Amino acid sequence: MSMRVSGIIGATALWAGLAGPVFARGLDCVASERCRTDGGGCAASRLSIEVSPTGAAKARLWIDRQGPYPARIARSGGITRITLDNFGGSHGMDLHADGGFLYRGNGAKEFTGTCEGEL
């Protein structure tokens, strides 16, 4: 199958299709540690979280490439809290101005790490 494009609009559409999704803003986060708050200890982690804003106070998250999960964004002081709409509001993350984050996930698991990008 061949695709014919012409002009600047066609070339732009072809380039965007080949390049994949382009996010003007967003965060790429990687956890370095997972801890259990029920006394189960801590271990190294590579959990990845991508945050793509969809409005002034909304975003979509991909957690280890699963998603998107709709979320709400609230800012208070130096912390930005992102709460997933799913899971009864018990899953979410706190972002700090220095790029650090704390993600509260399944059960008693909490993940810490760093984010790059902006919301």
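Above this text you will find the structure in question.
A few points on the structure. (Residues numbered from 1 in each chain as written. Predicted model: local features only at pLDDT ≥ 70, side-chain atom pairs only at ≥ 80, totals over all residues. Heavy atoms only, no water.)

Section: the pairing of strand β6 (residues 79–84)
Applicable threshold: Pairing between two strands is assigned when DSSP locates at least 2 bridges connecting them. By the criteria applied, helices consist of DSSP H or I runs no shorter than four residues and strands consist of E runs no shorter than two, each listed in order from the N terminus.
Note that strand β5 (residues 66–76) and β6 share six bridges and pair antiparallel. Paired with A74 across the strands is R81, a residue of β6. If you look at the hairpin formed by β5 and β6, you'll find two residues sitting between the two strands, and G77 has a positive phi there, around 65 degrees. With five bridges connecting them, β6 and strand β7 (residues 92–96) associate as antiparallel partners.

Considerations on the pattern of salt bridges
In plain terms, the rule: A pairing counts as a salt bridge when a side-chain nitrogen of Lys or Arg comes within 4 Å of a carboxyl oxygen of Asp or Glu. For each residue, the accessible area found with a 1.4 Å probe, counting protein chains only, is set against the maximum for its type, and the residue is called buried under 20%, exposed over 50%, and partly exposed in between.
Across all of its chains, the model carries four salt bridges by this definition. With a closest N to O distance of 2.6 Å, R81 and D94 form a salt bridge. With R81 in strand β6 and D94 in strand β7, this residue pair connects regions lying 13 residues apart in the sequence. The salt bridge involving R104 is made with D94; its shortest N-O contact spans 3.7 Å. A residue pair is termed long-range when its members are at least 10 positions apart, and R104 in strand β8 (residues 100–104) and D94 in strand β7 qualify at ten residues. Just as R104 is buried, D94 falls in that class too.

What about the environment of V51?
Quick reminder of the rule: In this description, contact between two residues means that some pair of their heavy atoms is separated by no more than 4.5 Å.
Its location among the elements puts V51 in strand β3 (residues 48–55). Residue class for V51 comes out buried when judged on its relative accessible area of 2%. For the pair V51 and I82, spaced 31 residues apart in the sequence, the C-alpha separation amounts to 9.3 Å. The residues touching V51, leaving out its near neighbours within four places in the chain, are G26, L27, A59, R60, L61, I82, M93 and L119.

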